[in-house]
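Commentary on secondary and tertiary structure
For reference, the chains in residue letters:
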Amino acid sequence: MVNMEFKRKLQRMTTDTLIDIIINTGDLRLFVEKFDALMEISGRCNNYHDLGFIPDLVLTVFEKKTSLLKRATTIKDCAMIRAPSTPIYHPYSGSFETDEAWVPEEELILWSSVSKHAILIPDAVDRYFDLFQQVFHINISDL
């Protein structure tokens, strides 16, 4: 996908989401929170694209986040949705806890970004590989 095509698609999706928020949000404070969250998510997705991530992957993140945002009914929901999809790590069990606003494609992007700058602990590597397999529907051991 060419850069301009990505930018047009993201702009169109942003506009469509904004129209939905305007039409379906009666509470002014909730509207402002949804609008701010939309702008933050859009900016972050632009940044992911600028960093070289697969455009379709980035658009999937945007689509899933905005779908959640459209259905948000509280300011707290908006805050959770606007945040990057970072799970809570429980070191004693080696498990990761997600919330209702978690988007696997975004977490995959974040692990990829982190792995370029630091060595991941074994639990993180396992998580990264599991997400990769889940998102791209492939079995890494087959590679």
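About the cut-offs
Residues numbered from 1 in each chain as written. Predicted model: local features only at pLDDT ≥ 70, side-chain atom pairs only at ≥ 80, totals over all residues. Heavy atoms only, no water. Helix = DSSP H or I, 4+ residues; strand = E, 2+ residues; numbered from the N terminus. Buried < 20%, exposed > 50% of the residue type's maximum accessible area, 1.4 Å probe, protein only. Contact = heavy atoms within 4.5 Å. Areas by Shrake-Rupley, 256 points an atom, 1.4 Å probe, with all protein chains shown as cover. Lys, Arg positive; Asp, Glu negative; His and termini not counted. Charge placed at Lys NZ, Arg CZ, Asp CG, Glu CD. Expected span 1.5 Å × (residues − 1). Salt bridge = Lys/Arg side-chain N within 4 Å of Asp/Glu carboxyl O. Polar contact = N/O pair within 3.5 Å; in protein donor to acceptor, adjacent residues only side chain to side chain. Axes fitted to C-alpha atoms, helices over the stretch in contact; angles between N-to-C directions. Parallel < 35°, antiparallel > 145°, perpendicular 65-115°, else oblique. Left-handed = near helix turned anticlockwise from the far one by under 90°. Nonpolar A, V, L, I, M, F, W, Y, C, P; charged D, E, K, R; others polar.

**Some details on the overall build of the protein**
In terms of helices and strands, the protein carries six helices and two strands. Reading the protein from its N terminus to its C terminus gives the helix and strand order α-α-α-α-β-β-α-α. Structurally, the protein occupies a C-alpha span of about 50 × 40 × 25 Å along its principal axes. In the protein, which comprises 143 residues, the share counted as buried stands at 35%. Pairs at least 24 apart in sequence give 60% of the contacts found in the protein among residues at least 6 apart. Entry remark: accessible area of the protein is about 8500 Å², with carbon and sulfur atoms responsible for 58%. Here the protein contributes 15 positive and 21 negative side-chain charges, whose respective centroids are spaced 6 Å apart.

**Considering helix α3 (residues 55-71)**
Structurally, the α-helix is built with 3.6 residues per turn, so residues lying three or four positions apart point the same way. In this model, α3 (17 residues) spans 25 Å end to end at C-alpha, consistent with the 24 Å of a helix rising 1.5 Å per residue. Within the sequence span of α3, burial applies to Pro55, Leu57, Val58, Leu59, Val61, Phe62, Lys65, Thr66, Leu68 and Leu69. The inward-facing, buried residues of α3 abut α1 (3-24), α2 (28-50), α4 (75-82), α5 (104-115) and α6 (122-136).

**Concerning the pattern of salt bridges**
Taken as a whole and assessed by the stated rule, the structure comprises 10 salt bridges. With a shortest N-O distance of 3.7 Å, glutamate 5 and lysine 9 are connected by a salt bridge. Here the residue glutamate 5 and the residue lysine 9 both occupy positions in helix α1, the gap between them amounting to four residues, near one helical turn. Residue class for lysine 9 comes out partly exposed when judged on its relative accessible area of 36%. We note a salt bridge from aspartate 50 to lysine 7, for which the minimum N-O separation is 3.4 Å. Of this pair, aspartate 50 sits in helix α2 while lysine 7 sits in helix α1; the two residues are 43 residues apart in sequence, bridging distant segments of the chain. Among the charged side chains, a salt-bridge network with shared partners connects Glu33, Glu40, Arg44, Lys65, Arg82 and Glu106.

**Digging into the side chain of threonine 66**
Assignment of secondary structure puts threonine 66 in helix α3. Among the residues examined, threonine 66 registers a relative accessible area of 4% and is labelled buried. Within the structure, threonine 66 has its side chain in polar contact with the backbone oxygen of phenylalanine 62 (distance 2.8 Å). For threonine 66, the side chain forms a polar contact with the main-chain oxygen of glutamate 63, separated by 3.2 Å. Excluding its chain neighbours within four sequence positions, the residues that come into contact with threonine 66 are Thr17 and Leu38.

**Regarding the packing of α3 against α5**
Two elements in contact, α3 and α5, have axes separated by 8 Å at closest approach and are oriented at 135 degrees. Relative to α5, the element α3 is oriented oblique. The interaxial crossing formed by α3 with α5 has left-handed handedness. Between α3 and α5, the residues in contact are Leu57, Val58, Thr60, Val61, Lys64 and Lys65 and Pro104, Glu105, Glu106 and Ile109, respectively. For the contact of α3 with α5, a count of residues per class yields five nonpolar, one polar and four charged.

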